[in-house]
Each structure stands twice: as C-alpha cells, then as structure tokens.
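If you want the building blocks of each chain, they are given just below.
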Amino acid sequence: MNLPLNFASLPENSHIFAENHILLIIMKSFPLNNLVLLLALSACSSPVSKDCILRYDEPASHFIEAFVLGNGTMGATVYGDPFKERISLNDITLWSGEPFDSYADTLAADEALQPVREALAREDYRTADRLAHRLQGSNSNRYMPMGNVRLDFIMPSGKDSAVVDYRRFLNLGNGVADISYVLDGERFDREAFVSCPDGVLVVRLQSGSKGALNFDVSFDSRLPFTSENGEGCVLFNGYAPYNKDYQYDESRGIHFTTALAVRSSDGEVSVSDGKISLRDGSAAELIVSEATSFNGFDKDPVLDGRDNKKEALDKMSSALSRSYKSLLSRHIEDFTNLSGRVELTLDPDAGSPDMPTDQRLLAYSKGAEDPGLEALYFQFGRYLMISASRTWGVPMNLQGLWNENYQAPWRSNYTVNINTEENYWPTEVLGLSELHWPLLSFLSNLKANGAGSARSYWNAGGWMCAHNSDIWAMTNPVGEQVESPEWSNWPMGGAWLSTHLWEHYLYTVDRDYLADYAYPIMRDAARFCLDILVDDGKGNLITSPATSPENHFITDDGFNGCLAYGTTADLAIIRECAGNARDAARVLGIDGDFQTEIDSVLDRLYPYQIGRKGNLQEWYYDWEDADPHHRHQSHLVGLYPGRHINADLCPDLAEAARRSLELRDGWSTGWSTGWRINLWSRLYDGEKAYQIYRMLLRYVDDGKHWGGGTYPNLLDAHPPFQIDGNFGGCSGVAEMLLQSHIPADVCGDAGDVSRGDEFCIDILPALPSAWPEGSFRGFRARGGYELDCEWSAGRPERVSVKSLRDGVCTLRSRTPLQPDGKASSRAVLSVDNAGGWHIVRFRTRAGSTARFTAL
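In this report, the structure presented in the accompanying data block is examined. (Residues numbered from 1 in each chain as written. Predicted model: local features only at pLDDT ≥ 70, side-chain atom pairs only at ≥ 80, totals over all residues. Heavy atoms only, no water.)

## Regarding the side chain of Asp 570
Inclusion rule: Helix and strand definitions here come from DSSP, where helices need a minimum of 4 consecutive H or I residues and strands a minimum of 2 consecutive E residues; each element is numbered from the N-terminal end. Burial classes follow relative accessibility: with a 1.4 Å probe on protein chains only, a residue under 20% of its type's maximum area counts as buried, one over 50% as exposed, and anything between as partly exposed. Two residue types count as positive, namely Lys and Arg, and two as negative, namely Asp and Glu; His and chain ends fall outside the count. A carboxyl oxygen of Asp or Glu within 4 Å of a side-chain nitrogen of Lys or Arg is what we treat as a salt bridge. Side-chain atoms alone can form a polar contact between residues adjacent in sequence; in general such a contact is a pair of N or O atoms within 3.5 Å, and within protein one must be able to donate a hydrogen while the other accepts it. We call two residues in contact when some of their heavy atoms are within 4.5 Å.
With respect to the helices and strands, the residue Asp 570 is situated in helix α12 (residues 568-588). Here Asp 570 is buried and forms no salt bridge, its nearest opposite-charge partner Arg 117 lying at an N-O distance of 9.5 Å. Among the polar contacts listed, one links the side chain of Asp 570 to the side chain of Thr 543, at a separation of 2.8 Å. Sequence-distant contacts of Asp 570, defined by excluding residues within four places in its chain, comprise Trp 490, Met 492, Thr 543, Pro 545, Ala 546 and Thr 547.

## Focus: unusual backbone geometry
Residue Pro 641 follows Tyr 640 across a cis peptide bond; omega there is 5 degrees. With respect to the helices and strands, Pro 641 occurs in the loop between β27 (624-625) and α14 (651-664). Omega for the bond connecting His 718 with Pro 719 falls within 30 degrees of zero, at -15 degrees, which places this linkage in the cis form. For Pro 719, the location among the structural elements is in the loop between β29 (716-717) and α17 (724-737).

## Re the environment of Glu 290
Within the secondary structure, Glu 290 is located in strand β19 (residues 283-292). With a relative accessible area of 1%, Glu 290 lands in the buried category. Not counting residues within four places of it along the chain, the set of residues in contact with Glu 290 comprises Thr 73, Met 74, Gly 75, Leu 89, Asn 90, Asp 91, Met 146, Thr 257, Thr 258, Ala 312 and Lys 315.

## Let's talk about the packing of helix α4 (residues 324-339) against helix α6 (residues 371-388)
Selection rule: Between N-to-C directions, angles cover 0 to 180 degrees, with each direction set by a line fitted to C-alpha atoms, over the stretch in contact for helices. Note on terminology: angles under 35 degrees are roughly parallel, angles over 145 are roughly antiparallel, angles of 65 to 115 are roughly perpendicular, and the others are oblique. Here a crossing is called left-handed whenever its near helix is offset anticlockwise from the far helix by less than a right angle, and right-handed whenever the offset is clockwise. Lys, Arg, Asp and Glu make up the charged group, whereas Ala, Val, Leu, Ile, Met, Phe, Trp, Tyr, Cys and Pro make up the nonpolar group; the residues left over, Gly among them, are polar.
For the pair α4 and α6, the least separation of the axes is 10 Å and the interaxial angle reads 130 degrees. The angle between α4 and α6 places the two elements in the oblique class. You can see that α4 and α6 cross each other, and the crossing is right-handed. On α6, the residues that touch Phe 335, Leu 338 and Ser 339 of α4 are Arg 382, Tyr 383, Ile 386 and Ser 387. Across the contact of α4 with α6, the residue classes break down as 4 nonpolar, 2 polar and 1 charged.

## Points about the sheet that holds strand β35 (residues 807-813)
Definition in use: Strand pairing is assigned whenever DSSP identifies at least 2 bridges connecting the two strands.
With mixed pairing, the 5 strands of this open sheet are ordered in space as β30-β31-β35-β38-β37. Of all strands in the sheet, those with a lone pairing partner are β30 (738-741) and β37 (828-834), marking the two edges. With direction set aside, neighbouring strand axes in the sheet form an average angle of 20 degrees. Lying on the sheet, α17 is in contact with β30 and β31 (758-763); it crosses β30 at an angle near 80 degrees.

Below, the structure written as structure tokens:
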C-alpha cells in the first residue's frame with residue numbers, strides 16, 4: 001500500500017478512529033476537515049449476541065466491579081449507583097513530568113561498564129551487582145487520574161427507598177453501558193458511552209414521568225484545579241506534578257481541562273459554584289469533554305503545549321451542536337466498524353448467558369463448563385483494545401487507560417520487559433491492525449531518545465530502551481542507582497518492542513511502511529544489540545552484564561544473584577530483533593553488508609543449552625532458579641511471541657521449552673498466565689493451553705489472593721489490576737485456533753523471506769477437547785489473509801481464506817481438507833502429508849477467497 005505520508009511526521013496525540021469503514025487519523029491540532037487517509041477497512045457491522053454483553057444485578061461498589069468505557073484517549077469508569085453515581089475520568093496523555101534528557105549521565109558507561117564486565121568475567125557476582133548500580137538512571141514518571149464526575153440524585157423519599165429490578169449492562173459490540181432500576185415506583189434509565197468521533201463522554205438519563213429526574217453534577221480531583229463558567233458548561237482547569245516526586249508548579253507540567261454540561265428538553269438547568277443542577281426533568285444528557293496540554297514527548301507542555309482549555313471547549317461546543325441521536329449513532333458506527341470484524345462461537349448451547357457475569361465467573365471458577373463465558377472473555381479483550389488504543393504516539397500503559405489511583409501500581413507506566421508487548425499481541429491477528437499504531441508510532445520517540453541512552457550507559461550505537469518508559473519516551477536504565485539490577489539493569493526493551501514493527505509488516509505485507517517507517521527503527525535497534533555483545537572467551541558472543549527479567553539464580557556455591565552474563569532471554573531477543581532487521585533488509589533489497597554482519601553474529605551467539613532437568617536453560621550455566629515457579633519465562637521468548645523455536649523444525653528445543661513450562665507450572669500473575677496460554681499453544685498442546693486459560697478466568701474479588709485471575713468486571717487481576725493479562729488471554733485463544741508463519745519458520749522452505757509471496761497457515765493447531773465445535777470469522781494471518789472456520793467433532797468442516805494480495809499460501813490442518821468449488825480447485829498447486837499435517841498449497845489473488853471443506 002502506498003502511504004501518502006511520512007509516518008514520523010505525524011503529530012503526537014493524533015486520534016485514530018473508523019468512520020464509514022475508513023480508518024482516519026485526526027490531527028487534533030488541526031481542523032476536523034484535515035484528515036489523512038491511512039487504510040480502507042471492510043464493512044463489518046454485525047449484531048451482538050448475548051455472549052457479547054456483561055450483565056449485573058447490582059451497582060458496582062469497587063473499581064473491579066465497574067464498567068470501563070473509553071475512546072482511546074478519554075477513559076471513564078462507571079459504577080451505576082442509583083443515588084450517588086461516580087464516574088472516574090482518565091486521559092491517556094495526563095502524566096507527571098516533562099521531556100526526558102537521554103544525555104543526563106554521559107559518564108556512566110565510561111566509569112562502570114568495564115569494571116562490571118571484569119567482575120563478571122572472574123565470576124564475582126556480588127561485586128558486579130554492587131558496581132552495576134552506577135549504570136542506573138532515574139525512574140519513570142507517573143500516569144495520573146484526572147478526577148471524578150459525581151451525580152447526586154435527589155429522591156422525594158430519600159435514600160431509604162428500596163431499589164428494585166436493578167440491571168446493569170455493557171455491550172461489548174457497541175461500547176454502550178446501560179443502567180436501569182425502579183425507585184419509588186419510578187423507572188430510571190441511564191445510557192453512557194465515550195465517543196471517539198466526537199471526543200466526549202455522554203450520559204443519557206431518563207425517568208418515567210415529568211419532574212422525577214433531579215440531580216446535581218460536580219467534579220473533584222486529587223490534582224490542583226480551579227473552576228470557571230464557560231459558554232453552556234462549567235470548566236475545571238488543573239495540572240499534574242512536573243516530576244515523578246509529586247512536586248507541583250502551575251508554570252510547569254501537563255495541564256488539563258475538564259468541561260461539564262447538562263442539557264434537558266423539559267427540566268430546569270442551573271449553574272452555581274462549579275456545580276450543575278437539574279430540577280423537575282424527565283430526560284437529560286450529561287456531556288463531558290477533556291483535553292491536556294501534552295503536545296509530544298519532546299515538547300514542553302507549558303511553553304509548547306496544546307491549548308487544553310480551547311480544545312475541551314471546542315469538543316464540548318461541537319457535541320452540544322449535535323442531537324443525542326446523532327452522538328449515539330456516530331459512536332456506534334465507529335465502534336462496530338472495529339468490534340464487528342471478528343466473531344467467535346464456542347458451543348452456543350452451553351453456558352449461562354443470562355446469568356449475571358460475576359456469578360457466571362464464580363460458577364466457572366468452581367468447575368462449571370461455560371464456553372460462552374470463554375468466548376465473552378475473548379471479546380472483552382478486543383473491546384478493551386478498541387476502547388483504549390487510539391492515540392498516536394501514546395500506547396496503552398499497565399492499566400491500559402483506566403487508573404483511579406493517585407499513586408498507581410508500578411506508576412501505571414510502560415513496563416517493557418513483557419507487559420507493554422503483551423498489551424499488543426492480539427492487534428494483528430484479531431483484525432485491529434490500526435490500533436497497533438499507538439505503540440508502533442511510540443517507537444520513533446524511543447528511537448530518538450534511546451540513542452543517547454545507548455551511548456551513555458553502554459557505549460553503543462543504535463538505540464535502546466530499558467525496563468520502563470513513560471509518555472516522555474524515557475529510555476535509560478531505571479533504579480536511581482540504588483535498586484536491584486534484576487529489573488533496573490535490563491537493556492533489551494527497545495529490541496523486544498521493535499519486533500512489533502516486523503509483525504505489522506508480516507500481517508500487512510506493506511513494503512512502503514517497511515521502507516519508510518519500520519526498517520530504520522528496526523535497523524538501529526539491531527545495531528544496539530550487535531554493539532553490546534562481547535566474546536565469552538570460548539568464541540561465543542554474549543551480553544555482559546545481563547539479567548533474566550526480575551528472576552534470580554543460585555550458583556553452585558549457593559550465591560543468590562540476578563546479574564550475570566549470556567542470559568538466554570537476552571540472546572533470544574537479539575535473535576529476534578537482529579533476525580527481523582536482516583529479513584527486512586532482504587525484503588527491501590538494501591544494506592547487504594549489514595545483512596552479512598547480522599548473519600555472522602547470529603552464527604556466533606552462545607547457543608541454547610538444555611539443562612540436566614531437560615529444560616531450556618535460563619542462564620549461561622545450569623543454575624537453579626531461586627523461585628522455580630517465577631512469573632517471568634523470558635528465556636522462552638523465542639517460542640512465543642518469537643518465531644525461532646518451533647516444534648516442527650527444532651523439536652529438541654521445543655521439548656526443552658515444554659519442560660521449562662512444566663517446571664514453571666502453577667498459579668502465577670494474570671499476565672504471566674496469559675503468556676503461558678500462548679506458549680503452550682505454540683507447542684500445539686491445546687489441552688494444557690486450555691487448562692491455563694481456565695486458571696486465568698479464576699474469580700478474584702479482592703487483592704488478597706496470590707496469583708492472577710479475573711475480577712468480577714472481567715478485568716485482569718495481577719493482582720492488582722493490570723490490563724496485560726486480558727490481552728494475553730485474548731491472543732492465547734487466537735493461538736489455539738489459528739497460527740501463521742513465514743515459510744522458514746515451520747514449513748521447510750529455504751527461508752528466503754525476500755520473496756514475500758508465500759506464507760503458512762495452521763488451522764486449529766491447538767484446539768482443546770473442551771471446544772469440540774465452534775466457529776470463528778475474521779481472524780487475520782501473516783501474509784495478508786483473513787480466515788473463517790467452522791469445526792465440529794474437533795475437525796475443521798469449512799475454511800475460507802480471503803487474500804489481500806497475490807501470492808502462494810500453504811494451509812495446514814491435522815485432518816484432510818479439499819477445495820470447495822471450481823475456482824478453489826484450480827488454485828491448488830499441491831497436496832501433501834508431512835509431520836502429522838495435511839498440507840494444501842494454493843495460489844491466491846488479491847480480493848479472492850479460497851474455500852475448503854472436510855474431506
């Protein structure tokens with residue numbers, strides 16, 4: 001696809017949304033008619049089944065029970081209280097801090113890198129650990145909550161009135177929450193959504209009769225703010241701390257504006273002292289807009305910031321000019337254009353779709369069979385992606401978009417040793433490719449800052465990002481020179497993140513994107529990897545110093561440490577990052593010398609080792625783990641999400657990876673459990689993947705349980721809440737049902753990816769026996785394919801493969817398939833059986849669909 005722009009030139013915080021089946025990026029600093037067309041989307045609206053609705057029979061008392069709504073920038077958490085409603089607000093660009101200086105400590109590597117390496121070379125791990133603190137920089141900034149909108153309802157009979165027939169729904173298909181109840185014999189209804197096209201939160205409130213609807217609306221925040229009356233609304237102007245230590249100065253830091261307005265066709269609306277009141281109405285609409293002054297990772301948010309007050313007022317004015325029907329229809333059209341692309345049905349006759357979701361989850365945790373709930377959780381992951389990932393240059397954080405805490409867990413930052421990556425695993429395979437762009441576009445910011453960090457802390461070229469980042473694209477090793485190297489001294493975040501650029505190419509096969517945007521970032525991430533390698537004294541290349549994220553080893557003499565050399569995780573990520581950069585150069589036909597250098601380095605990397613327990617070694621030596629069930633399984637990154645370990649081409653390594661997973665078995669955090677589903681799926685073990693999926697859906701109603709699970713509102717329990725587990729579980733379901741590869745990965749091809757015309761697709765590669773029948777529609781595969789599949793008795797019955805490009809596709813299934821129809825028969829090039837797979841190889845044409853049925 002020829003893109004009519006340079007991606008790097010797009011302004012920060014542009015907004016991505018779909019309208020009329022077209023992907024648009026709205027330049028938020030430009031008029032709305034200044035649109036850039038990126039990608040045509042297929043029409044995909046579809047009715048929503050019962051298993052795409054969350055339902056409850058009482059209000060939420062805590063965040064883990066509430067509904068989360070969002071448009072990718074604005075987040076709203078809705079509780080549904082009949083008397084005192086609280087809607088907490090977030091803006092994905094509201095962080096502490098100011099632009100990051102990647103050259104703040106240019107002497108770190110010169111003073112400490114070689115002494116650390118020398119200590120490690122003589123196996124003095126304790127000294128190396130101490131010296132490595134000099135190679136640490138500042139910690140990240142913090143994602144801040146904006147505040148709360150509060151609705152206090154005035155009831156004639158007071159709070160002692162009994163609420164009956166209470167119902168609360170969230171429609172995952174259209175992103176609309178509904179709340180309904182009867183109080184004093186009067187029916188009250190609320191409808192809430194956060195619109196991407198109009199950039200506002202809308203709450204529609206109705207009562208059964210005139211005069212029954214009475215309420216006051218106010219705003220509060222933990223951040224400093226003032227209020228003022230605007231035209232038809234009330235404005236609240238505030239600001240975040242200008243650093244991670246919660247220091248405030250009105251002349252510094254990101255500023256924000258929240259605007260509230262109430263309109264009613266029959267009630268009396270008044271404004272007083274920052275509060276809006278409605279009296280004697282039967283219907284009203286609350287509209288909330290917000291904006292911040294964040295204007296880019298390298299822009300001072302005050303001196304060069306956006307006009308947050310004007311932007312909030314402009315959005316409010318625009319929304320007030322539209323009817324409620326128009327606001328709702330525009331929101332639903334946009335949302336369903338994304339949500340309706342994929343369907344999943346797992347035994348529609350099983351489960352309890354009419355049961356309240358929290359009760360349903362609890363019953364499932366006690367052993368009930370409920371394939372519908374399993375499909376609902378899958379669709380909830382897609383819902384969260386649509387609601388949270390739409391802001392250019394600002395990816396989802398640890399809490400996605402929704403954080404109510406002034407001191408958020410782990411600063412609600414970007415933790416890039418797994419969590420940020422896991423957030424985006426489902427985007428391509430589940431038809432949300434454009435929602436990958438908030439992360440992909442963020443990588444150009446990291447590249448800009450990461451060059452200074454690479455030079456300052458590693459004396460290396462290219463660019464790096466360490467354990468954490470934030471909205472300012474911080475890239476230095478964290479730790480403040482006092483924290484444990486187990487997380488602080490890990491430098492491979494940029495290399496891992498860069499693999500997402502290659503994944504986007506493999507799904508879209510867009511050479512212009514690869515040449516103009518992705519490859520320069522991939523190339524320089526690989527350059528950093530090549531530059532930090534050292535010889536281990538035996539002719540192998542290794543990293544030193546090195547960690548395996550957040551894990552500890554025990555040496556043969558009993559030392560418990562975390563800093564070593566030649567860790568498997570480091571080398572696996574380098575294999576992925578450098579290999580991808582080489583393959584990208586081959587596709588583009590450029591940088592031959594660089595390709596040769598990478599090939600030479602990959603040949604010399606310290607090879608994988610199989611330990612005495614039959615496991616894939618995590619460390620250079622066959623050491624014991626301090627925690628055998630540790631949540632991280634970073635040494636398996638080459639299995640998933642990587643591509644260089646697979647059961648077809650390297651069964652010994654795959655079996656060692658299996659043994660490592662067996663040793664790691666047991667309860668773990670939500671995100672780790674989600675990762676393990678994908679790992680078992682790559683080993684084609686659907687039974688184990690499904691067992692882990694059930695563990696992920698364990699009911700958790702507080703933060704006291706050790707190990708992960710799922711909260712009553714289906715958000716992931718780390719605990720506490722982190723969103724990554726939702727996405728890991730979502731992508732894990734996809735991996736059980738569909739996998740795709742370039743030929744060199746599994747299909748025995750010579751592996752010349754520069755051809756770019758042939759890809760391999762596996763149908764139901766890890767289907768568990770618990771799902772004997774079902775169907776999916778709209779899954780994507782590498783190579784530019786869209787697939788539908790129906791199966792029964794564990795066998796695919798009908799498969800269709802729609803191609804977006806000309807090429808050759810290899811379709812693999814455990815049971816034989818035959819072409820359905822003359823056109824599909826003519827496209828078949830060969831039929832074969834190998835390694836337990838039935839293999840059909842066929843030619844594709846752009847826009848055509850090949851169909852197959854069970855033989």
